[in-house]
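# Results of the structural survey
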Amino acid sequence: MQYFWIAVLAIALLMEALTTDLVAIWFFPAALVCMILAFLSVPVPLQLLVFVLLGLALVFATRPLCKKLTKSKNTKTNVDALIGATALVTQEICNIKETGEVKVNGLRWSARAVDPARVIAAGEEVEVLEIRGVKLIVK
């Protein structure tokens, strides 16, 4: 039975190595304890019971904490990073004439004002509110 628990240990480690989420790490200590019990000639049904109970206890006791500690923060990338950024108006923004251009992070973008009646002169700084297609919506 010792070899069985060694195989369970190896499988738990392999599963953990092949995934990006914590899926089998809790069964590693349970299999380790059961392997020690097997070396001490504890009956197989008791080994299995210890494995199941210890594995489940570890899952329920530590998984919420592990999820909280390993929770990744969503970092804005690409165009999502532009929302909230300050841009410089390089060409007058007029929704009626369908004109307007801003420069943000060194790149030029077509832009429209959030308020359709407002005209924003070149040289003003604006805030990027959203992105619609290839146009920045600014105020």
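See the structure shown above.
All values reported here derive from a predicted model rather than from experimental measurement. (Residues numbered from 1 in each chain as written. Predicted model: local features only at pLDDT ≥ 70, side-chain atom pairs only at ≥ 80, totals over all residues. Heavy atoms only, no water.)

## Describing the side chain of Glu16
With respect to the helices, strands and loops of the structure, Glu16 is situated in helix 1 (residues 2–18). Beyond its immediate stretch of four places on either side in the chain, Glu16 contacts Asp21, Leu22, Val23, Ala24 and Ile25. (Helix = DSSP H or I, 4+ residues; strand = E, 2+ residues; numbered from the N terminus. Contact = heavy atoms within 4.5 Å.)

## With respect to helix 1
In an α-helix, one turn spans 3.6 residues, which is why side chains three or four residues apart end up on the same side. Between its first and last C-alpha atoms helix 1 spans 24 Å; for 17 residues at 1.5 Å apiece the expected length is 24 Å, and the two agree. Among the residues making up helix 1, those that are buried are Trp5, Val8, Leu9, Ala12 and Glu16. With its buried residues spanning 100° around the axis, helix 1 presents them on a single face. Relative to its buried face, helix 1 has exposed residues pointing more than 90 degrees away, namely Tyr3, Ala17 and Leu18. (Expected span 1.5 Å × (residues − 1). Buried < 20%, exposed > 50% of the residue type's maximum accessible area, 1.4 Å probe, protein only. Arc of directions from axis to C-beta.)

## Considerations on the nonpolar core
Counting 15 residues, the largest nonpolar core has Ile93, Val102, Val104, Ile120, Val126, Leu136 and Val138 as its most contacted members. For this core, the secondary structure elements donating two or more residues are strand 1 (86–94), strand 2 (99–104), strand 3 (107–113), strand 5 (125–132) and strand 6 (135–138). Sequence-distant contacts of Ile93, defined by excluding residues within four places in its chain, comprise Thr99, Gly100, Glu101, Val102, Ala111, Arg112, Ala113, Arg118, Val119, Ile120 and Val138. The next biggest cluster of nonpolar side chains, apart from the first, holds 9 residues, and it includes Leu9, Ala30, Met35 and Phe51. (Core = buried A, V, L, I, M, F, W, Y, C linked by side-chain atoms within 4.5 Å.)

## Overview of the packing of aromatic side chains
Applying the stated rule across the entire model yields 3 aromatic pairs. Look at Phe4 and Trp5: their rings are 4.9 Å apart centre to centre, the planes differ by 75°, and that puts the pair in the edge-to-face class. Judged by its relative accessible area of 1%, Trp5 falls in the buried class. Ring geometry for Phe27 against Phe51: centres 5.7 Å apart, planes inclined by 40°, an arrangement best described as tilted. Note that Phe27 is positioned in helix 2 (residues 27–39) and Phe51 in helix 3 (residues 44–70), a separation of 24 residues in sequence. Take Phe51: its relative accessible area is 17%, and that puts it in the buried class. A connected cluster of aromatic rings, assembled from ring pairs, spans Phe4, Trp5, Phe27 and Phe51. (Phe/Tyr/Trp six-rings, centres within 6.5 Å; stacked < 30°, edge-to-face > 60°.)

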